[in-house]
Structures are given as C-alpha cells and as structure tokens.
Amino acid sequence: MSREPPLNLADYEALAPAHMHPAVWDFISAGADDGVTMTQNRRAFERIALRPRVLADVGRIDTRAIVLGAAISSPILIAPTGPHAALCPEGEVATAEAAGKSGLGMVANSGSNRTIEDIAAVATGPLWLQLYLFPERERTHALVRRAEAAGCGALVLTADSPRFGRKEQSLRTENEFDWPEAGNLAGLPPATKRPIRGAPATWEDLDWLRDVTRLPIVLKGVLTAEDAAMAVDRQVAGIVVSNHGGRQLDGATASIEALPEIVAEVGGRAEIYLDGGIRRGTDVLKALALGARAVMIGRPVLWGLAVGAGAGALDVLEMLKRELELAMALAGRPGLADIDASLVRTAPIQG
Ligand code: FNR
C-alpha cells in the first residue's frame, strides 16, 4: 500500500525507517523489554469508546488552549525526545520552528543536540526544558540558569528514569552509529555528559529544584495518584502522566489508563498533561475527556523530522490538529470546555 503522500501519522511511521540509519530507527522505535507497555499505550486508547452528541452547533470549532499561562493553537505539545540532529541537520531548531508555525509548544530535552539558546532563538511558542539531573547540583543549576536566561517557560523534571530501561532492540545496534553530540552538554567532562547516570532524582531533588528557580516545575512520568499527591504537595505546576512511551518500566500501566485517578487526586491544583501512544486526533479527544489539559507527542515528531525535516514535523503537527478539530465537530463538542467525561465510555480491560 502506498504511503505517499502521508495522510496520517501511521503513514509517517511507515516511511520513516528509510530516512534514517537503522541504529537510529532501532533506538527511536524501541520499547523496554518486551514492549508490553508501549503496545498497551495504543491498545488502551482503542478500548475507550466515544459517546458523540448530535445536532450541536459545530459551525465553529475552537481548539485554542492555555498551558501554564501561555496560549497554543491546539492542546498539543512536543514531548522531549532525541536525537533530532540524527534525523535532520538542524536538529531541535527545525523542531522548534515547526512548533512555532503550528502555534504549539515544545519541550526540549536536556541532552538536545542544539543548545537551549539556539532553540530559544527560533521558538515563538512556549518552550520548556526537560531536566535529567547531573551528579553535581551546581551543574544542574547552571543548566537551569541557562533555561531561565533563554526565556524557557517551565522546567520539566523527568521522574521515571532513575536508570534507563533496557531497550534490547537498540542495544544490538547502538554502536553502529556515530551519535550527534548533546549541545547542552558540550564541553563538559565525559563522565558528566550523560546526566542521568549516577543521579537518580528524588523528592528531595524536586524540593531543591523548586527552591533554586523561579520557573514553574512540571513533573514528568507520574502514573499513580499517590505520586501525584506528593507532587502537588510540593507545589508542582504541572504533571505529565507518562510511562516514557513504554521505554522505562515494562508492564507499567498504559498512560491513558492512569490518567483518571491522577486527575481525581489532583483536583485542579496542577495542570495535567498526558503522553504515550497519541497517534490520532481522537486520541487527543479521549485524553481531554478524561481530564488532560493537553497531550504531548514523542515519536511521531521524529518520524516527521526524518521524512521531511522541519516541514515534515510541521505536517505531523498540522495533521494531528486537523484530526482533533474534525473529531470535535463529529463528537458535537465545539470547544475544549465542551469536552468532559461524558464523552467517553471505558470498556473493561482485556487483551
Ligand atoms: C523519549 N522520551 C524522553 N523523555 C524525557 O523525559 N527525556 C528524554 O530525553 C526522552 N528521550 C526520548 C527519546 C526517544 C527516542 C523517545 C521515543 C522518547 C519520552 C518522551 O518524552 C515521551 O514520554 C514519549 O515519547 C511519549 O510516547 P510516544 O508519543 O512516543 O508514544
């Protein structure tokens, strides 16, 4: 079946491997261990049925959203991923330009190939920096100060990665490719270039981070009401319900299935975002119905970058926006405020 021109995100996924080194594809597409959680991220969306309303006035659909006080054209953000420069030469700069053209926000990862200053120079929408911790707090603090100076709107502390999950599909090929340097970490001694190693984040680190920055903090990788409660007690501004795209603890719950208990626990005290397996506008709709303020997408942006550089990433974002807009019209929900839990029915969990 022809995938050209791509009509949806799955078409981009099918086209993407031909546009990158096989080791890069292995890294991007891998899940941890048996990929159970990665697969369930998708299946869980399929188990949720929509309850559309008819004869609503859907002549005008308004998808505009606000995240941490910043306006975006649709409740979609780019999740922190890498390595963008292995997919297109401009790396995260191309991604940030695509986000800006689409009116969406982007989370740059701490190991991005381009520096946070380069990315911020072209960003026109919300730009947040994801953090892994260095073993030495002063180094982390230095990166935090750079994010503040560059105009980032938030820091996103990734909580689900005290170690890296084993991505076996990638372990076999990872040394076959000359990985591009992490721009933010360039110039640091090699031992500190991989910030996560030896520096698993704890609740104490979150307290420390909150005390050294004026930026709002978003905690990424929460899957339980218990942790969400601890996070809001520590005044986080946002929580990303996420299992890291199934790349960390295999067997962890699908992120969309973790969302309701977290929304109930937080009760509006922090903004809730969701990522993991968002591939259709109807997935975005389901996440919003279950209480997410916005979603993040990871791999599809990488497929777009590989296939068509910045224009490909933009096409992916625009496709998802259009699909959400259409889904809102067909569901009889013209504005985000019209989307609530009555829009979904969740089937009993099975296969
Ligand atoms: C990631 N993710 C990630 N998360 C994070 O907090 N810091 C990081 O550096 C990375 N790096 C990364 C690389 C690659 C190649 C992938 C695929 C993912 C996880 C990412 O932010 C997000 O949680 C998932 O990608 C969302 O799932 P989908 O949209 O890819 O299914």
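Whatever comes next refers back to the structure up there.
Only a predicted model underlies this, so the values are computations on that prediction, with no experimental measurement involved.

Regarding the overall build of the protein chain
- Helix and strand counts for the protein chain come out as 12 helices and 12 strands.
- For 351 residues, the compact-globule estimate of 2.2 N^0.38 gives 20 Å, and the C-alpha radius of gyration of the protein chain, at 19 Å, lies within 12% of that figure.
- Dimensions of the protein chain, computed from C-alpha atoms along their principal axes, come out at roughly 65 × 50 × 40 Å.
- Here the protein chain, with 351 residues, has 54% of them falling under the buried criterion.
- The long-range share in the protein chain, meaning contacts at least 24 apart out of those at least 6 apart in sequence, stands at 73%.
- For the protein chain, the accessible surface area stands at approximately 14,800 Å², while carbon and sulfur atoms represent 52% of it.
- Between the averaged position of the 36 positive side-chain charges in the protein chain and that of its 43 negative side-chain charges there is a distance of 2 Å.

Observations concerning the sheet that holds strand 11 (residues 294–297)
- One closed barrel holds the 8 strands; their spatial order is 4-5-6-7-8-9-10-11, and the pairing between them is parallel. Across the sheet, the mean angle from the axis of one strand to that of its neighbour is 30 degrees, orientation sign disregarded.
- Relative to strand 11, strand 4 (residues 76–78) is paired through 3 bridges, and the arrangement is parallel. Note that in strand 11 the partner of Leu77 across the bridge is Met296.
- Across the sheet, helix 8 (residues 203–212) touches strand 6 (127–131), strand 7 (154–158) and strand 8 (217–222), and the angle it forms with strand 8 is around 160 degrees.
- Across the sheet, helix 12 (residues 299–330) is in contact with strand 4 and strand 11; its angle to strand 11 comes to roughly 160 degrees.

A word on a negative patch on the surface
- A contiguous patch of negative charge on the surface is contributed by Glu226, Asp227, Asp233, Glu261 and Glu265.
- Among the secondary structure elements, those contributing two or more residues to the negative patch are helix 9 (225–233) and helix 10 (255–266).
- Tracing the backbone shows Glu261 in helix 10.

A word on the pairing of strand 9 (residues 238–241)
- Taking every second residue as pointing to the same face, both faces of strand 9 are buried, with Gly238 and Val240 on one and Ile239 and Val241 on the other.
- Note that strand 8 and strand 9 share 4 bridges and pair parallel. Its bridge partner being in strand 9, Val218 is matched across the sheet by Gly238.
- In this view, the connection linking strand 8 to its parallel neighbour strand 9 by way of helix 9 has right-handed handedness.
- Examined bridge by bridge, strand 9 and strand 10 (residues 271–275) share 4 bridges and lie parallel to one another. By the bridge assignment for strand 10, Gly238 is matched with Glu271.
- Read from strand 9 through helix 10 to strand 10, the crossover connection turns out right-handed.

Description of the site of the ligand
- Surveying the vicinity of the ligand reveals 23 residues, the closest of which are Pro80, Thr158, Asp275, Gly277 and Arg279.
- In this structure, a nitrogen atom belonging to the ligand sits 3.1 Å away from a side-chain N or O atom of Tyr132.
- For the shell around the ligand, the elements supplying multiple residues, two or more each, are helix 2 (22–29) and helix 12.
- Here the shell around the ligand is composed, by residue class, of 7 nonpolar, 11 polar and 5 charged.

Considering the side chain of Asp283
- Tracing the chain through its elements places Asp283 in helix 11 (residues 281–289).
- The buried category is assigned to Asp283, whose relative accessible area is 3%.
- When near neighbours in sequence (up to four residues on either side) are disregarded, Asp283 contacts Arg42, Phe45, Gly277 and Ile278.

Things to note about the pairing of strand 11
- Neither face of strand 11 is open: one carries Ala294 and Met296, the other Val295 and Ile297, and all of them are buried.
- Pairing analysis gives 3 bridges linking strand 10 to strand 11, with the strands arranged parallel. When the sheet's bridge partners are listed, Tyr273 is paired in strand 11 with Ala294.
- Remark: the strand 10/helix 11/strand 11 crossover connection has right-handed handedness.

Quick look at the side chain of Ser29
- Looking at the secondary structure, you find Ser29 in helix 2.
- Within the structure, Ser29 has its side chain in polar contact with the backbone oxygen of Trp25 (distance 2.6 Å).
- At 2.9 Å, the side chain of Ser29 and the side chain of Gln169 are in polar contact.
- When neighbours within four sequence positions are excluded, Ser29 is seen to be in contact with Met38, Gln169 and Arg299.

As for the packing of helix 2 against helix 12
- Relative to each other, helix 2 and helix 12 sit at 160 degrees, their axes nearing to 10 Å. Taken together, the axes of helix 2 and helix 12 are roughly antiparallel relative to one another. Handedness of the helix 2/helix 12 crossing: left-handed. Of helix 12, the residues touching helix 2 (which contributes Trp25, Ile28 and Ser29) are Arg299, Leu302 and Trp303.

Criteria and cut-off values
Residues numbered from 1 in each chain as written. Predicted model: local features only at pLDDT ≥ 70, side-chain atom pairs only at ≥ 80, totals over all residues. Heavy atoms only, no water. Helix = DSSP H or I, 4+ residues; strand = E, 2+ residues; numbered from the N terminus. Rg over C-alpha atoms; globule rule 2.2 N^0.38 Å. Buried < 20%, exposed > 50% of the residue type's maximum accessible area, 1.4 Å probe, protein only. Contact = heavy atoms within 4.5 Å. Areas by Shrake-Rupley, 256 points an atom, 1.4 Å probe, with all protein chains shown as cover. Lys, Arg positive; Asp, Glu negative; His and termini not counted. Charge placed at Lys NZ, Arg CZ, Asp CG, Glu CD. Pairing = 2+ DSSP bridges. Axes fitted to C-alpha atoms, helices over the stretch in contact; angles between N-to-C directions. Patch = residues over 30% accessible without salt bridge, like charges linked within 9 Å, V, L, I, M, F, W, Y side chains within 5 Å. Salt bridge = Lys/Arg side-chain N within 4 Å of Asp/Glu carboxyl O. Right-handed = clockwise from strand over helix to strand, strands pointing away. Near = heavy atom within 4 Å. Polar contact = N/O pair within 3.5 Å; in protein donor to acceptor, adjacent residues only side chain to side chain. Nonpolar A, V, L, I, M, F, W, Y, C, P; charged D, E, K, R; others polar. Parallel < 35°, antiparallel > 145°, perpendicular 65-115°, else oblique. Left-handed = near helix turned anticlockwise from the far one by under 90°.

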